[in-house]
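Chain by chain, the residues:
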Amino acid sequence: DVCSSDLFSAFTLYSQLVKAENPSINFTNVECNADSSSYALTIPKSQFNKTMDDLSSAIFMPSFSKEVVTKELRTLKNQVLQRTNDVGYFINSSIDSRVFADSPWKHDSGIYPSIFSKTDYESALATLNVINQKWYTPQNSAIFICGNIDQKEQKFNRSIEDIRNKTKNIKNYSVINR
């Protein structure tokens, strides 16, 4: 059940782990939405090919270490706890639940602090692997590139072709590889 609070919190964690495990990529924003994750990044032109290679590995073959999972889980728990003390958050959530009452995503994140605060490493790991096996579909990704990039440049075309090739051979695997 995708709508369970365990999965909503784990999807958010999964999105943050992609960023945390890849410090060589200059992510400027990471968002976990009701049906997708979005990653925004800034790439200097001279680093385009390397960054695209790193990004394709991060997206198509994610690998999360126990240390980083533990750290990001703790960070997310702290963020959720801070939100519970924010009156503005509750007011906005109440408004959203009325405005979007007929939609499956009428609640912003679905993270319930009382449940999520009890999530330990082992249960987070199990849920991350379920997400990877059942719902993670990087082959459905879309990449949007804007800026001073000449599409006809050989390096640009090679990077995009490499990403396309990686999507053809994705196999199910555990996200914890280290």
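Predicted, not measured: the structure shown is a model, and the values here were computed from it.

A. View of the side chain of Ser15. Relative to the helices and strands, Ser15 resides in helix H1 (residues 5-20). We classify Ser15 as buried; its relative accessible area is 1%. Once you skip the residues sitting within four places of it in the chain, Ser15 turns out to touch Val30, Glu31, Cys32, Ser37 and Tyr39.

B. Region of the structure containing the pairing of strand E1 (residues 27-32). In terms of strand pairing, E1 meets strand E2 (residues 37-41) through five bridges, oriented antiparallel. The partner of Glu31 across the bridge, within E2, is Ser38.

C. Region of interest: the packing of aromatic side chains. Scanning the entire structure with this criterion turns up four aromatic pairs. With a centroid separation of 5.0 Å and 40 degrees between ring planes, the pair formed by Tyr14 and Tyr136 is classed as tilted. Residue Tyr14 is located in helix H1, and its partner Tyr136 is located in the loop between helix H6 (121-134) and helix H7 (154-168); the two are separated by 122 residues in the primary sequence. The class of Tyr136 is partly exposed, set by a relative accessible area of 21%. Aromatic ring contacts, followed pair by pair, group Tyr14, Phe64 and Tyr136 into a single cluster. The aromatic ring of Tyr121 is capped on one face by Lys66, whose charged end is 5.1 Å from the ring centroid.

D. Expanded view of the environment of Pro138. If you trace the backbone, Pro138 turns up in the loop between H6 and H7. Judged by its relative accessible area of 3%, Pro138 is buried. Taking the C-alpha atoms as reference, Pro138 lies 5.9 Å from Phe60; in sequence the two are 78 residues apart.

E. Molecular detail of the packing of helix H3 (residues 66-84) against H6. The interhelical angle for the contact between H3 and H6, taken along N-to-C directions, is 105 degrees, at an axis separation of 10 Å. Taken together, H3 and H6 sit at an angle that is classed as roughly perpendicular. Taken together, the residues of H6 that come into contact with H3 (itself represented by Lys66, Val69, Thr70 and Leu73) are Tyr121, Ala124 and Leu128. Its residues assigned to classes, the contact of H3 with H6 shows five nonpolar, one polar and one charged.

Reading guide: rules and limits
- The written sequence of each chain sets the order in which its residues are numbered from 1.
- At least 70 in pLDDT is required for a residue's local features to be given in this predicted model, at least 80 for side-chain atom pairs to be given and counted, and no such filter applies to totals for whole chains, interfaces and linings, which use all residues.
- Hydrogens are left out, water is left out, and the side-chain values use all remaining heavy atoms of the structure.
- Helix numbering and strand numbering both begin at the N terminus, where a helix is a DSSP run of H or I of at least 4 residues and a strand a DSSP run of E of at least 2.
- Each residue is placed in one exposure class: buried if its accessible area under a 1.4 Å probe, protein chains only, is under 20% of its type's maximum, exposed if it is over 50%, and partly exposed if it falls in between.
- The criterion used for residue contact is that any of the two residues' heavy atoms lie within 4.5 Å.
- Criterion used throughout: strands pair if DSSP finds at least two bridges between them.
- Ring geometry is summarised as follows: Phe, Tyr and Trp rings, the Trp one being its six-membered ring, pair when their centres sit within 6.5 Å, and such pairs are stacked at plane angles under 30 degrees, edge-to-face over 60 and tilted between the two.
- The rule is short: NZ of Lys or CZ of Arg within 6 Å of the ring centre and within 35 degrees of the ring normal puts a charge over the ring.
- Angles shown run from 0 to 180 degrees and are taken between the N-to-C directions of axes, each axis being a line fitted to C-alpha atoms and, for helices, limited to the stretch in contact.
- Our angle categories are set so that under 35 degrees counts as roughly parallel, over 145 as roughly antiparallel, 65 to 115 as roughly perpendicular, and the remainder as oblique.
- Under this grouping Gly is polar, as are all residues other than the nonpolar Ala, Val, Leu, Ile, Met, Phe, Trp, Tyr, Cys and Pro and the charged Asp, Glu, Lys and Arg.

Structural measurements only, silent on function.
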